[in-house]
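Fold and contact review
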There are 2 protein chains.
Amino acid sequence: MDAFERLTRYGIKPSVQRMAIMEYLMTHRTHPTADEVYMALCGSMPTLSKTTVYNTLKLFVDQQAAQMLTIDEKNAHFDGDTSLHSHFLCRRCGRVHDLPYSGKKREARELLIEGHAVEEIHHYYKGICKECHEKENQN
Amino acid sequence: MDAFERLTRYGIKPSVQRMAIMEYLMTHRTHPTADEVYMALCGSMPTLSKTTVYNTLKLFVDQQAAQMLTIDEKNAHFDGDTSLHSHFLCRRCGRVHDLPYSGKKREARELLIEGHAVEEIHHYYKGICKECHEKENQN
DNA sequence: GATTAAAAATGTAATGATTACAAATTTGAA
DNA sequence: TTCAAATTTGTAATCATTACATTTTTAATC
């Protein structure tokens, strides 16, 4: 599925900017921040505005074509993969890695947990990632 | 256990301000923001500075006497309960509720998940809380 | 009690991510 | 082509958090 198809599937009217941003999210599974998306695209789209990036990412989240990760208190990260999975934030390199969802499968189907209507599940883990750990111990 | 004992147990030298902030966290399980802690205490401690609240909460987190929740993209929330449990953010009233930890018990004891060294686990759920849900449906 | 150095608290100013808003541009239907 | 709606853009504001310099407190020593 390409960016165009994904946008229309989520009820988002395609535009050059929206296509470029969705394309970036789909091809870069790095959970970028709004600023990282802007920096990556402004070279090939000189007129792109940072406001547009913020607005567009917000639109994607509202339409559930992407999710916003609040794993990092510094700034929001965005993930074009809306399937149920977990995330790991490395406090050394700052990258966000994917992890398989390890919660109870039952839970993911539940609408109510302790009486609360659950609409989003975020499982975050923080520490030192594999790559950073190996880099330190190879000396 | 009182605030004084809790501070010393975590290697934090007690002071009037630190005691007051820890006391507040221990008696108010509302997961307050730094600003909420400040607003609650500045009445009885007129000289209290907001910077002190920020510094002190950061100290608590560093010493693992409290945890910072990044469940809310607007601002950080703080929890004096460092035991393993989950959190629910209501997008209606904005409150953060406690939930029992529902992840695999195995996972909580693991140091490594997919090769990454896990130091913190945060399980966040978002939606409409029980109280807000009941309030809407009683009309 | 006086002295003093370290620790802690304070107030103000900066930072920086995000949002508000108004103007400019683009789109698509008529 | 015309025109209104949607989208994009740039700038200015907002606001949580942090940096930093100053003041105050603490606690040890004389």
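Report on the accompanying structure. Just so it is clear, the model here is predicted, and its values are computed rather than measured.

**Details of the overall build of chain A**
Along its length, chain A carries six helices and six strands. Along chain A, helices and strands appear, N-terminal first, in the series α-α-α-α-β-β-β-β-α-β-β-α. Referenced to the eigenvectors of the C-alpha coordinate spread, the extents of chain A come out at roughly 50 × 40 × 25 Å. Looking at chain A as a whole, 44% of its 139 residues qualify as buried. Looking at chain A alone, contacts between residues at least 24 apart form 48% of all its contacts between residues at least 6 apart. Accessible surface, chain A as shown: approximately 7,600 Å² in total, 50% of it carbon and sulfur. Averaging the locations of the 18 positively and 19 negatively charged side chains of chain A gives two centres separated by 1 Å.

**Quick word on the protein's contact with DNA strand C**
As a matter of local geometry, DNA strand C sits amid 16 residues, with Tyr54 and Ala76 of chain A together with Ser15, Thr47 and Thr52 of chain B nearest to it. One nitrogen or oxygen atom from the main chain of serine 49 of chain B is found 3.3 Å from a phosphate oxygen belonging to DNA strand C. For the surface near DNA strand C, the secondary-structure elements that each account for two or more residues are α4 (50-62) of chain A together with α2 (16-27) and α4 (50-62) of chain B. Partitioning the surface near DNA strand C into residue classes produces three nonpolar, nine polar and four charged.

**Here's the deal with the relation of the copies chain B and chain A**
Taken as rigid bodies, chain B and chain A are interconverted by a rotation of 180 degrees and an axial shift of 0.0 Å, the fit giving an RMSD of 0.0 Å. Those values place the two copies in the arrangement expected of a two-fold rotation axis. Residue by residue, 100% of the interface of chain B is reproduced at the interface of chain A, so both copies engage with the same surface.

**Observations concerning the protein's contact with DNA strand D**
Surveying the vicinity of DNA strand D reveals 16 residues, the closest of which are Ser15, Thr47 and Thr52 of chain A together with Tyr54 and Ala76 of chain B. In the interface set of DNA strand D, defined as its atoms within 4 Å of the protein, sugar plus phosphate atoms amount to 76%. With respect to DNA strand D, the backbone of threonine 47 of chain A contributes an N or O atom lying 2.9 Å from a phosphate oxygen. Contact between DNA strand D and serine 49 of chain A: a phosphate oxygen at 3.3 Å from a main-chain N or O atom of the residue.

**Section: the interface of chain B and chain A**
Taken together, the contacts link 32 residues of chain B with 32 residues of chain A. Contact between chain B and chain A buries roughly 2,900 Å² in total, counting both sides, with carbon and sulfur atoms accounting for 56%. The three residues of chain B that bury the most area against chain A are His116, Tyr125 and Lys126 of chain B, which together make up 20% of that side's buried surface. Where arginine 91 of chain A meets glutamate 119 of chain B, a salt bridge forms, and the shortest distance between an N and an O atom there is 2.9 Å. For the pair chain B and chain A, the number of links is 22 residue pairs in polar contact (both at pLDDT 80 or more). Where the side of chain B that touches chain A is concerned, the elements lending two or more residues are β4 (96-100), β6 (116-128) and α6 (130-137) of chain B. Counted by class, the side of chain B that touches chain A contains 13 nonpolar, nine polar and 10 charged residues. Sheet topology note: the strand β6 (residues 116-128) of chain A/β6 of chain B ladder contains 11 bridges and is antiparallel. In the sheet register, lysine 126 of chain A faces β6 of chain B, and the bridge partner there is glutamate 120 of chain B.

Each value, and the rule that gives it
Residues numbered from 1 in each chain as written. Chains lettered and ligands numbered in written order. Predicted model: local features only at pLDDT ≥ 70, side-chain atom pairs only at ≥ 80, totals over all residues. Heavy atoms only, no water. Helix = DSSP H or I, 4+ residues; strand = E, 2+ residues; numbered from the N terminus. Buried < 20%, exposed > 50% of the residue type's maximum accessible area, 1.4 Å probe, protein only. Contact = heavy atoms within 4.5 Å. Areas by Shrake-Rupley, 256 points an atom, 1.4 Å probe, with all protein chains shown as cover. Lys, Arg positive; Asp, Glu negative; His and termini not counted. Charge placed at Lys NZ, Arg CZ, Asp CG, Glu CD. Near = heavy atom within 4 Å. Polar contact = N/O pair within 3.5 Å; in protein donor to acceptor, adjacent residues only side chain to side chain. Nonpolar A, V, L, I, M, F, W, Y, C, P; charged D, E, K, R; others polar. Least-squares fit on C-alpha atoms with pLDDT ≥ 70 in both. Buried area = accessible area lost by both parts, 1.4 Å probe. Salt bridge = Lys/Arg side-chain N within 4 Å of Asp/Glu carboxyl O. Pairing = 2+ DSSP bridges.

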